[in-house]
Amino acid sequence: MDFTGLSNAEQAHINKLVEKRQFQGFLTMYGKLVEKCFNTCCNDFTSKSLSSKEEQCVNNCAEKFMKHSERVSARFAEMNAEIMSGQKNMSG
């Protein structure tokens, strides 16, 4: 996006909104990660600590979740670059 026509205050406001939205996205992703891995891996409530099997499951679950998120983000970035490239070609 081109913000050159905006004042410094407007640009700062937009940057704050973007940062807030990114943080909200992070918290949502983190919440989904915790919920998914807890529901999948934690099923023995007779102890306050995780068993080695549960701990390994949580580690694997979190790793898979993060790899999936990275892959989706990379694909989104590729698609966004293609769209931006197409828009430049149409305007040029």
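Just above sits the structure.
Treat the numbers as computed from the prediction; the structure is a model and nothing was measured.

Q: Sorry if this is basic, but what is going on with a nonpolar patch on the surface here?
A: Taken together, the side chains of Phe23, Phe26, Leu27, Tyr30, Val34, Phe38 and Phe45 define a hydrophobic patch exposed on the protein surface, amounting to about 750 Å² of accessible area. For Phe45, the position within the fold is in the loop between helix H1 (8-41) and helix H2 (52-91). Given a relative accessible area of 61%, Phe45 falls into the exposed group.

Q: Could you clarify how one ought to interpret the pattern of salt bridges in this entry?
A: A side chain of one charge can pair with a side chain of the opposite charge if their charged atoms are brought near each other. For the structure shown, the criterion picks out two salt bridges. Arg75 is paired through a salt bridge with Glu78; the nearest N and O atoms lie 3.2 Å apart. Placement of the pair is Arg75 and Glu78 together in helix H2, with a separation of three residues, close to one helical turn. Here Arg75 falls in the partly exposed class, since its relative accessible area comes to 42%.

Cut-offs applied
Residues numbered from 1 in each chain as written. Predicted model: local features only at pLDDT ≥ 70, side-chain atom pairs only at ≥ 80, totals over all residues. Heavy atoms only, no water. Patch = residues over 30% accessible without salt bridge, like charges linked within 9 Å, V, L, I, M, F, W, Y side chains within 5 Å. Areas by Shrake-Rupley, 256 points an atom, 1.4 Å probe, with all protein chains shown as cover. Salt bridge = Lys/Arg side-chain N within 4 Å of Asp/Glu carboxyl O. Helix = DSSP H or I, 4+ residues; strand = E, 2+ residues; numbered from the N terminus. Buried < 20%, exposed > 50% of the residue type's maximum accessible area, 1.4 Å probe, protein only.

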